[in-house]
Every structure is written in C-alpha cells, then in structure tokens.
Amino acid sequence: ETKIVTVDPKDPDRHVIEEAGRILRRGGLVAFPTETVYGLGGDGLNPKASGKIYRAKGRPSDNPLIIHIADSDSLNTITSEFPWQAEALADAFWPGPLTMILQKSSKVPYETTGGLDSVAVRMPSHPVAMAVIQAGGGFIAAPSANTSGRPSPTEARHVIEDLQGKIDMIVDGGMVGIGLESTIVDCTEEVPVILRPGYINQEMIQKIVGRVKMDKGLLITDENVKPKAPGMKYRHYAPKAELTIVEGESTLVVRRINELTDEFRRQGARVGIIGTDETAGQYRADVVKSIGTRKEEESIALHLFGILREFDEADVDFIFSESFRTPQMGQAIMNRLLKAAGHRIIYV
Ligand code: TXA
Ligand code: MG
C-alpha cells in the first residue's frame, strides 16, 4: 500500500520527512517533488533499491538513474574526477535544474548507472527534495516518477495515476516549478555536451564554460544517430492519440489546423487541439485546450506534460498542436513535444 501525505512545499512537516527518510534507508521507494518534475527516490548506493525503481516504473535496466545530493561534499563520495567545467557549472547553477555526467567512484553500484562507468548527479533546489535527500542518507537515485513512456509528473496526482500501489510513499508538495526535466550536461568529454535540453539553456551554459556542444542525437531526427543519454532514445511522452505539430506564422497555423480538423472529422475521427490563450478561441474541434500564454513561456513549459496526460482521458483520435519555439526554453519544450509527436511536423 502507498502512503500519500501532503506537505507545505516551502516548509515540509519534519515528521513526514523523517518517515520518508526511514523508508529510503530501509531500501524502500518514496516519490517527492523537485523544482523540475516529481522524482521516484530510492537509495542510490543500494543496488536493491535501484532494482525496485526499475520495476516500479517498468523501465529498462540499461537506462541509468540520476543520483540526487543535498551538499557539494557528497560529490567526492560518488565521483572520481571533477573537471573545472563541472565545478564552474555547479557554482553557477546548483542547487537547481542541472544534471552533470561525471566519472563514477566505486561506491556507486552499476545497478544505479545502468552498467556505465559514469554517473549522473544533480543537486535540486526544492525544499522538499532537499529535506528528503538529507533524511534518506544523502544519495537518492530518482528518475521522473512516471510509468516508463508516459509524460513526467508535474503534480502528485500524476504520480498517483502511475505508481499507486507500487511504491511505499508519495509526498505531495503541490505543483512543481518548471515542469520539464533538468538539463543534462556530459562533463566527461573535453568540451561539455548537452544531452538533454532544459530550463538551463545552451547560452547560459556557454556563458559559464565557454564552449559547449549539443549531442548529435538531439539535433538530427535520423533514427540511426543514437543520443548519448540512454533514456533519450526511448519513445517517450507519446499520447494515445496521434499527435502532429503544425508550425509557421500564427494565422496560417490556425487556418491549417482548422482545415485539417474539418477533414478528419468528416471521416468520423475525433480531434483535439493544443493552442494558446491567444488562439484557443479560434479553433473548432471536439476538444480544444490552451497550454498557456505566449507572453510567458514558463507557463507553456509548466503545462505541457499535464496537457498530454489530459488528452489521454479526452477520447480523441488525433491531436494537432501549435509549435513553441520560445526564446529561452524553446529548445527544451520542442524536444519534448517533438518526441511526443514522433517527430510528425507540418510546416505552413
Ligand atoms: O529533472 C530531472 O532530472 C528529474 C528529477 C526527478 O530530478 N529526473 C529525471 O530522471 O528526469 P530520468 O531518469 O527520468 O532521466 C534521466 C536521464 C535519462 O535520459 C538517462 O538516460 C540519463 O539521464 N542518464 C543518466 N545517467 C547517465 C549517464 N551516466 N550517462 C548518460 N546519460 C545518463
Ligand atoms: Mg524520465
């Protein structure tokens, strides 16, 4: 049975945190909020706990986990090399939505790293995450707290949907802050490489370390170019309905989506649309949802995963979405949306 407890996200109840800590130290699993998405935590230095995480998520065991820490000293325990770029990035962005890939120490079991000699490390800034990590022994492996293949959870009810009955505890700290998973930077290469775009974007990283590359697997949609982060190769976030992105100048996009909708509905299909506060009123379809306003790209990032989940309950066969190449987080948003769409995109 899964215990579900609600806490104040800024000042979580000490007794709840102590109980979460006890569960984690015994090798159990606790889901908790971070500033990016909810995580499914287990003791990252305990191979049995890592095994449980894979089983609860239905995740392939070659897909490594991120170890979450609550202080910089913990890095020495789990890594064996710490290049200057990693130090500079940690200074600039930790605690925060950045994960770094570093050479692992012998303390980190291969069960946690999916057999790799490197380890992913992140120090989150969410007060509940910080408290749970400390209480649980300081090294908490935590993938996103969703069933493998579903959108990452941005609210506790998403975690409940996917994992109730499969884990020991869910700490409900309300909605997360960002809504997209952390930026992953591989610091084992001479020039750091972004393996997964996130809130911390390429320009912000460049300002700190000078040179930084994007993983080839992110830029090219060629099936044969495999991304370096093992998890990025899996079909992800895919809604039950077939999702297509329509990109171009706004009035043209609205017109084309309405034409496509009419055509599909004439053939008896049910159609859903992902628009914005600016355009939602101009669409005619079975279900129209606004993801947020284009004036605040943060709101678009925050609502993307939730809206994909909502469409799974909406009983539609096809979904058309506008494209969101916003200035700061556009790369991260479009990385997730394109995956959800299986890279189906129409340019108008
Ligand atoms: O924001 C986040 O990062 C959230 C919260 C809970 O912290 N966690 C998260 O974990 O998104 P997960 O497991 O869903 O995604 C981790 C990604 C996967 O794509 C995985 O393949 C990659 O990180 N990864 C982990 N260790 C790696 C390593 N040693 N080398 C390359 N990629 C790695
Ligand atoms: Mg995930």
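Structure: see above.
Source: prediction; values computed, not measured.

## So, the packing of aromatic side chains
This structure, assessed with the given rule, holds 3 aromatic pairs. Seen from their ring centres, Y237 and F305 are 4.9 Å apart, and the 35° between their planes marks the pair as tilted. Of this pair, Y237 sits in the loop between helix 9 (216-219) and strand 12 (242-247) while F305 sits in helix 11 (residues 297-313), and the two are 68 residues apart along the sequence. Its relative accessible area of 1% is what places F305 among the buried residues. Ring pairs connect the aromatic residues F264, F318 and F320, which therefore count as one cluster. Here K289 stacks its cationic end above the ring of F311, 5.6 Å away from the centre of that ring.

## Quick look at the sheet that holds strand 9 (residues 183-186)
Across the sheet, which stays open at both edges, the 11 strands sit in the order 1-8-2-3-7-4-6-5-9-10-11 with mixed pairing between neighbours. At either margin of the open sheet sits one strand with a lone partner, and together these are strand 1 (3-6) and strand 11 (213-214). In terms of strand pairing, strand 9 meets strand 10 (residues 193-196) through 3 bridges, oriented antiparallel. Within the sheet, the bridge partner assigned to V185 lies in strand 10 and is I194. Packing against the sheet, helix 1 (residues 14-25) makes contact with strand 1, strand 2 (30-33), strand 3 (38-43), strand 7 (140-141) and strand 8 (169-172), and its axis sits at approximately 150° to strand 8.

## Quick notes on the site of ligand 1
Every one of the 27 residues lining ligand 1 counts as a neighbour, but T36, N63, H68, S182 and G231 are closest to it. At 2.9 Å from an oxygen atom of ligand 1 is found a side-chain nitrogen or oxygen belonging to R59. Contact distances for ligand 1 include 3.1 Å between an oxygen atom and a side-chain N or O atom of R122. Taken by itself ligand 1 offers 680 Å² of open surface, and the protein chains cover 96% of this. If you list the elements that add at least two residues to the shell around ligand 1, you get strand 3, strand 4 (66-68), strand 6 (118-122) and strand 10. Tallied by class, the residues present in the shell around ligand 1 amount to 15 nonpolar, 8 polar and 4 charged.

## Quick look at the sheet that holds strand 16 (residues 345-347)
One key point about sheets: their strands pair by backbone hydrogen bonds, in either a parallel or an antiparallel sense. Strand order in the open sheet made by the 5 strands is 14-13-15-12-16, with parallel pairing throughout. Across the chains shown, the open sheet's two edge strands, defined by having one partner strand only, are strand 14 (287-290) and strand 16. If you compare each strand with its neighbour and ignore which way they point, the axes differ by 20° on average. Pairing of strand 13 (residues 271-275) with strand 14 involves 4 bridges; the strand directions are parallel. Bridge assignment links G275 to a residue of strand 14, and that residue is S290. Strands in contact with helix 12 (residues 330-340) are strand 12, strand 15 (318-322) and strand 16; relative to strand 12, the strand with the most contacts, it is inclined by about 135°.

## What to know about unusual backbone geometry
Note the cis peptide between W94 and P95, where omega equals -10°. Its location among the elements puts P95 in the loop between helix 4 (84-93) and strand 5 (98-103). With phi around 65°, H343 is a residue other than glycine that occupies positive phi space. Topologically, H343 is positioned in the loop between helix 12 and strand 16.

## Things to note about the packing of helix 1 against helix 6 (residues 127-135)
Packed helix pairs are specified by the crossing angle of their axes together with the interaxial distance, meaning the distance between the axes. For the pair helix 1 and helix 6, the least separation of the axes is 8 Å and the interaxial angle reads 50°. The angle between helix 1 and helix 6 falls in the class oblique. The element helix 1 and its partner helix 6 pack so that their crossing is right-handed. Of the residues in helix 6, those touching helix 1 at I17, G21, L24 and R25 are A131, V132, Q134 and A135. Of the residues that constitute the contact of helix 1 with helix 6, the class distribution is 5 nonpolar, 2 polar and 1 charged.

Each value, and the rule that gives it
Residues numbered from 1 in each chain as written. Chains lettered and ligands numbered in written order. Predicted model: local features only at pLDDT ≥ 70, side-chain atom pairs only at ≥ 80, totals over all residues. Heavy atoms only, no water. Phe/Tyr/Trp six-rings, centres within 6.5 Å; stacked < 30°, edge-to-face > 60°. Helix = DSSP H or I, 4+ residues; strand = E, 2+ residues; numbered from the N terminus. Buried < 20%, exposed > 50% of the residue type's maximum accessible area, 1.4 Å probe, protein only. Lys NZ or Arg CZ within 6 Å of the ring centre and 35° of its normal. Pairing = 2+ DSSP bridges. Contact = heavy atoms within 4.5 Å. Axes fitted to C-alpha atoms, helices over the stretch in contact; angles between N-to-C directions. Near = heavy atom within 4 Å. Polar contact = N/O pair within 3.5 Å; in protein donor to acceptor, adjacent residues only side chain to side chain. Areas by Shrake-Rupley, 256 points an atom, 1.4 Å probe, with all protein chains shown as cover. Nonpolar A, V, L, I, M, F, W, Y, C, P; charged D, E, K, R; others polar. Parallel < 35°, antiparallel > 145°, perpendicular 65-115°, else oblique. Left-handed = near helix turned anticlockwise from the far one by under 90°.

Nothing here speaks to function; it is all geometry.
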